[in-house]
Amino acid sequence: MTAQIHIPSLLTRAGTASALTLAAVAGTSLAPGAAPEAQAAAHAARAVQIAASKKGSPYQWGAAGPSRFDCSGLTFYSFKKAGKKLPRTAQAQYNKVRHITASHRRRGDLVFFHYGRNVFHVGLYAGSGKIWHSPKTGSVVRLERIWTKSVWYGRVN
């Protein structure tokens, strides 16, 4: 048996309540797209945790885990383990995601390094101007400050 909620009495008892709070209590969605956006944020946060757990794993061109990675292999692996599918290469990942501005970036967004229109590197935004990435031969997966403004941002849906 499901409980019925009488919205006017809820408003009276609670004083002022937002429409989203009422929607959550009543089990309806008054904000179209809010649930998918929240799910995407959860997947992104999980992908950052997974990338961070690979700290120190060696770079290997063409590798996509679980113990060696190239740049797009790390993002591919992290999102796959978080329950989202991405293409394998940095350029293909850029072509697939929803492009966003730097002012709208958040943890778990992808950071694409480019020269002209060509993407050559990708990492996961960790917040505070830093990314998790697997930079190059001879290095390891690490957290590093974004060193250039020549980046684009993308959100995995």
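First things first, this report covers the structure right here in the doc.

The rules we used
- Residues numbered from 1 in each chain as written.
- Predicted model: local features only at pLDDT ≥ 70, side-chain atom pairs only at ≥ 80, totals over all residues.
- Heavy atoms only, no water.
- Buried < 20%, exposed > 50% of the residue type's maximum accessible area, 1.4 Å probe, protein only.
- Helix = DSSP H or I, 4+ residues; strand = E, 2+ residues; numbered from the N terminus.
- Pairing = 2+ DSSP bridges.
- Axes fitted to C-alpha atoms, helices over the stretch in contact; angles between N-to-C directions.

## Observations regarding the pairing of strand 2 (residues 110–115)
And step 1. For strand 2, the tally of buried residues reaches 5 of 6 residues, placing the bulk of the element in the interior.
And step 2. With 6 bridges connecting them, strand 2 and strand 3 (residues 118–127) associate as antiparallel partners. Paired with L110 across the bridge in strand 3 is L124.
And step 3. Hairpin connection between strand 2 and strand 3: a loop of 2 residues separates the two successive antiparallel strands, and G116 in this loop has a positive phi of roughly 65 degrees.
And step 4. The sheet contact formed by strand 2 and strand 6 (residues 151–155) spans 4 bridges and is antiparallel. Among the inter-strand pairings, F113 is bridged to a residue of strand 6, identified as V151.

## Brief notes about the sheet that holds strand 6
And step 1. As summarised here, the arrangement of the 6 strands in space is 1-6-2-3-4-5, forming an open sheet in which the pairing is antiparallel. Strands at the two margins of the open sheet, each flanked by one partner only, are strand 1 (98–100) and strand 5 (142–145). Taking the axes of each pair of neighbouring strands and ignoring which way they run, one obtains an average angle of 40 degrees across the sheet.
And step 2. By the bridge criterion, 3 bridges tie strand 1 to strand 6 in an arrangement that is antiparallel. Within strand 6, the position partnered with R98 by the bridge is R155.

## Overview of unusual backbone geometry
And step 1. Along the chain, G65 connects to P66 via a cis peptide bond; the corresponding omega equals 5 degrees.
And step 2. Looking at the element boundaries, P66 is found in the loop between helix 3 (34–53) and helix 4 (71–81).
And step 3. The backbone of S128 sits at a positive phi, close to 55 degrees, despite the residue not being glycine.
And step 4. Mapping S128 onto the fold places it in the loop between strand 3 and strand 4 (130–133).
And step 5. By relative accessible area, S128 is classed as exposed at 63%.

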